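Single-letter residue listing:
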Amino acid sequence: MKKKSVWRIRLAEVSQTLHDMAASIDSLLEEIAGVEDPVEELQSLKTALLAIPVSALKDSVRGQRLDVIFSLLNSSDRAQVELCVDILERILMAMSPVHVVQNYRAELQGGLTHPNDTVKILALAQIGRVVEDPDAVTEILSNHDVLRAAIRCIGEEKMAVAKQAIQSLSKFSHSKPGLDKLFQTDLLQVMKDVMATSDIIRYRIYELVVEISSVSPISLGYCANSGLISQLLSELTGDDVLVRVTAVEMVTTLAHSQHGRQYLAQQGIMDKISNMIRGAETDPFSSLYLPGLVKFFGNLAIMDSPQQVCETYPAFQNKVFEMALDPDPVMIGVALDTLGLLGPNVEGKQVLQKTGEKFKAVLSKMSQLASSGPTELRVRSLDAISQLLSLQPEQQTEDLLALTESWFHLLSSQPMDMIRNISTQPFPELHCGALRIFTAIATQPWGQKLMINTPGFMEFILDRSTGQTKEAKDAKFELIGALAGSSTAAEILGSQHYIRVKTYLREGPYYVSAVAAVSTEGAD
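Residue indices follow the written sequence of each chain, beginning from 1 at its first position. Local features in this predicted model are restricted to residues of pLDDT 70 or higher, and side-chain atom pairs are both shown and tallied only at a pLDDT of 80 or more, whereas totals for entire chains, interfaces and linings draw on every residue. Neither water nor hydrogens contribute to the side-chain values; these are computed over all heavy atoms in the structure.

## With respect to the overall build of the protein chain
Across its full length, the protein chain holds 35 helices and 0 strands. What you see for the protein chain is a C-alpha radius of gyration of 30 Å, clearly larger than the 24 Å of a compact globule of 524 residues, by over 25%. On the principal axes, the C-alpha backbone points of the protein chain span a range of 80 × 70 × 45 Å. Note on classification: 1.4 Å probe, protein chains only; a residue is buried when its accessible area is under 20% of the maximum for its type, exposed when over 50%, partly exposed between these limits. Expressed as a percentage of the 524 residues in the protein chain, the buried residues total 50%. In the protein chain, the proportion of contacts linking residues at least 24 apart, taken out of those at least 6 apart, comes to 68%. Put simply, DSSP marks the helices as runs of H or I at least four residues long and the strands as runs of E at least two long, and each gets a number from the N terminus on. Two things to know: the radius of gyration comes from C-alpha atoms, and the globule rule equals 2.2 Å times the number of residues to the power 0.38. Contacts between residues were defined by any pair of non-hydrogen atoms, one from each residue, lying within 4.5 Å.

Quick look at the structure:
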């Protein structure tokens, strides 16, 4: 009983506090209405609002009229306007989208053409909330002017405004009435008019269309019927190389969804991009768009089937190998990232292995880059190698274990020493990249045998004094965890080493022994 009464008292205190806060907001709003220079009062109101959780704020602001705050947006005082935006953002978030659209429709519309960008962003964010809400969306669909103004915001100079407009308008994809409004009324013409402003703005509209298309086959159908997607696809082979680069990026995003990939295949886009890769050799500007074409197929291979993609479009795989051996660091980087995408997938490993000497030459180049290339390419090489060597326990067949072991030995005549030497260099990203290669082989019996047979290796990975950054400690702990979790480690490592590995794991990544702590204090 005593506990219950204590809780009742506390609940009563909380309720009273919230009631007091609501009263304080009321009085601050009244004060602001009667002050000529209200910046100080606005700051007090903002502070009061931030002190109340949004969930509790709902009751405090219910029925509040915000006309005074909205009217203060009509000022040339930037500080005043931005305080008002912060206040409105907090209060409107506490109100339901239905309440917002029913009570502040005119204010939202005014916000879309306000000279201050933060006001535009606030209005667009609220429109996004309304469009996303099934009960509120019908209220805004009937207001053509608001939607027209929101579309025009995509053409704003400030990228932050355009991004918010795209984000909010893309939510029309959530409902058929929203899609009908956007694509089957004169709003479609408004989009086309905005597109005509410049290349940059045209691509913002494409971004919106791709965003909407990605949601479902139905939303893709609306976008396709509007003619905007076929317009985007035609830009893949346009005269302007920079426009072509952006078109490839957009099409790659469209290919992230299964229905998007099906649509692109039906339109013959995969063949078109494959032909572009083939024709790149005779185009002096191909270095600008070629990385994007390769990334397109790299993503496609991961989402569908590496084998199918590489066999259907051999130009892709040949180009990846060619780029890996290219002197241009940009080309090498894209090739490494693509190999890293294919690497973890068993099918990807088998496809690469089938190419025989071609892949061996690429692996040799990756090893050289990891040892002595520019730092960024060293890191990307190490990451790609770790992905190529990784093999989940359920994938560890005799053939696949033999494959990863043979690849590891292709890196160097002494691959364990080579990777360990990289890990001791004073660059955290190289240290962690090298440890990730050891983590990849730590779950494989042949990797464990190499570890136990390499003099000093177990002492090296169990030594907590190496790699003092958080990232290094985390990477080391991941390696230890991979060893400890392997079903073959206890037998291969022997009980003494295995017990030390399990102890390290139990103590956690950031453990400091009492002896180490004392010696550190002594050094101070």
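## Digging into the pattern of salt bridges
We count a salt bridge whenever a side-chain nitrogen from Lys or Arg sits within 4 Å of a carboxyl oxygen from Asp or Glu. This structure, assessed with the given rule, holds 23 salt bridges. Residue E82 is joined to R78 by a salt bridge in which the shortest nitrogen-to-oxygen separation is 3.2 Å. Of this pair, E82 and R78 both sit in helix 5 (residues 78-94), 4 residues apart, which is roughly one turn of the helix. Of the residues examined, E82 reaches a relative accessible area of 28% and is grouped as partly exposed. Classification of R78 as exposed rests on a relative accessible area of 53%. Measuring nitrogen to oxygen at the nearest pair gives 3.1 Å for the salt bridge that ties D180 to K176. Placement of both D180 and K176 in helix 12 (residues 176-183) is noted, with a separation of 4 residues, approximately one turn of the helix. Given a relative accessible area of 53%, K176 falls into the exposed group. In the salt-bridge network here, residues are joined through shared partners; they are D117, K120, E156 and K158.

## Regarding the environment of G485
One can find G485 in the loop between helix 32 (470-484) and helix 33 (489-493). For G485, a relative accessible area of 62% puts it in the exposed group. In the structure, G485 is positioned 260 residues away from N225 in sequence and 53 Å away in space, judged by C-alpha atoms.

## Observations concerning the packing of helix 29 (residues 428-442) against helix 32
All axes here are fitted lines through C-alpha atoms, helices being fitted over the stretch that makes contact, and every angle between N-to-C directions spans 0 to 180 degrees. Here helix 29 crosses helix 32 at 10 degrees, and the two axes come no closer than 8 Å. For the element pair helix 29 / helix 32, the angle class is roughly parallel. The residues of helix 32 that touch helix 29, namely those facing H431, C432, L435, F438, T439 and A442, are E471, A472, A475, K476, E478, L479, A482 and L483. Within the contact of helix 29 with helix 32, the residues separate by chemical class into 9 nonpolar, 2 polar and 3 charged. Roughly parallel means an angle under 35 degrees; roughly antiparallel means over 145; roughly perpendicular covers 65 to 115; every other angle is labelled oblique. Residue classes follow a fixed rule: Ala, Val, Leu, Ile, Met, Phe, Trp, Tyr, Cys and Pro count as nonpolar, while Asp, Glu, Lys and Arg count as charged, and any other residue, Gly among them, counts as polar.

## Quick look at the packing of helix 5 against helix 8 (residues 117-132)
Any two packed helices are characterised by how steeply their axes cross, that is the angle between the axes, and by the distance between the axes. Following both chains from N to C, one finds helix 5 and helix 8 inclined at 10 degrees, their axes separated by 10 Å at the closest point. Classified by the interaxial angle, the pair formed by helix 5 and helix 8 is roughly parallel. Residues V81, E82, V85, L88, E89, L92 and M93 of helix 5 pack against T118, V119, L122, Q126 and R129 of helix 8. Classifying every residue of the contact of helix 5 with helix 8 gives 7 nonpolar, 2 polar and 3 charged.

## Some thoughts on helix 27 (residues 398-410)
What a helix is expected to span follows from its residue count: subtract one and scale by 1.5 Å. Its 13 residues give helix 27 an end-to-end C-alpha distance of 19 Å, which sits within 8% of 18 Å, the value for a rise of 1.5 Å per residue. When we look at burial in helix 27, the residues that qualify are L400, L401, L403, T404, W407 and F408. Projected onto a plane normal to the axis of helix 27, the buried residues spread over an arc of 155 degrees and lie on a single side. Away from its buried face by more than 90 degrees, helix 27 exposes E398 and D399. The arc in question is the one traced by the directions running from the helix axis out to the C-beta atoms.

## Details of the packing of aromatic side chains
Only the six-membered ring of Trp is used, alongside the rings of Phe and Tyr, when aromatic pairs are assigned; centres must lie within 6.5 Å, and planes under 30 degrees apart are stacked while those over 60 apart are edge-to-face, with the rest tilted. Enumeration according to the criterion identifies 11 aromatic pairs in this entry. Both rings, one in F457 and one in F460, keep their centres 5.8 Å apart while their planes meet at 55 degrees; by these two values the pair is tilted. Placement of both F457 and F460 in helix 31 (residues 457-462) is noted, with a separation of 3 residues, approximately one turn of the helix. F457 sits in the buried class, given a relative accessible area of 0%. In this structure F460 comes out as buried when scored by relative accessible area, which is 12%. Here the aromatic residues F296, F297, Y313 and F316 are joined through ring pairs into a cluster of three or more. Think of it as a cone above the ring: NZ of Lys or CZ of Arg counts as a charge over the ring if it is within 6 Å of the ring centre and within 35 degrees of the ring normal. A cation over an aromatic ring shows up here: R244 above the ring of Y289, its NZ or CZ 4.9 Å from the ring centre. Positioned above the aromatic ring of F460, the side-chain terminus of R420 is 5.8 Å from the ring centre.

## Concerning helix 22 (residues 314-324)
With respect to burial, helix 22 is a largely interior element, 8 of its 11 residues being buried. Residues A315, F316, Q317, K319, V320, F321, M323 and A324 constitute the buried set of helix 22. Residues of helix 22 that are buried make contact with helix 19 (269-279), helix 20 (286-303), helix 21 (306-312), helix 23 (329-342), helix 24 (346-354) and helix 25 (357-372).

## Looking at the confidence of the model for the protein chain
For the protein chain, the mean per-residue pLDDT works out to 89, and 92% of the residues sit at or above 70. The weakest mean pLDDT in the protein chain belongs to helix 35 (residues 514-523) at 48; the strongest belongs to helix 11 (residues 159-169) at 97. Every residue in residues 515-522 scores below 50 in pLDDT, and together they form 1 contact with partners more than four places removed in sequence or on other chains. Confidence of the predictor in every single residue is expressed as pLDDT, which spans 0 to 100.

## Points about the side chain of H431
Assignment of secondary structure puts H431 in helix 29. Assessed through its relative accessible area of 7%, H431 is described here as buried. Setting aside chain neighbours within four positions, we find H431 in contact with I422, S423, G467 and A472.

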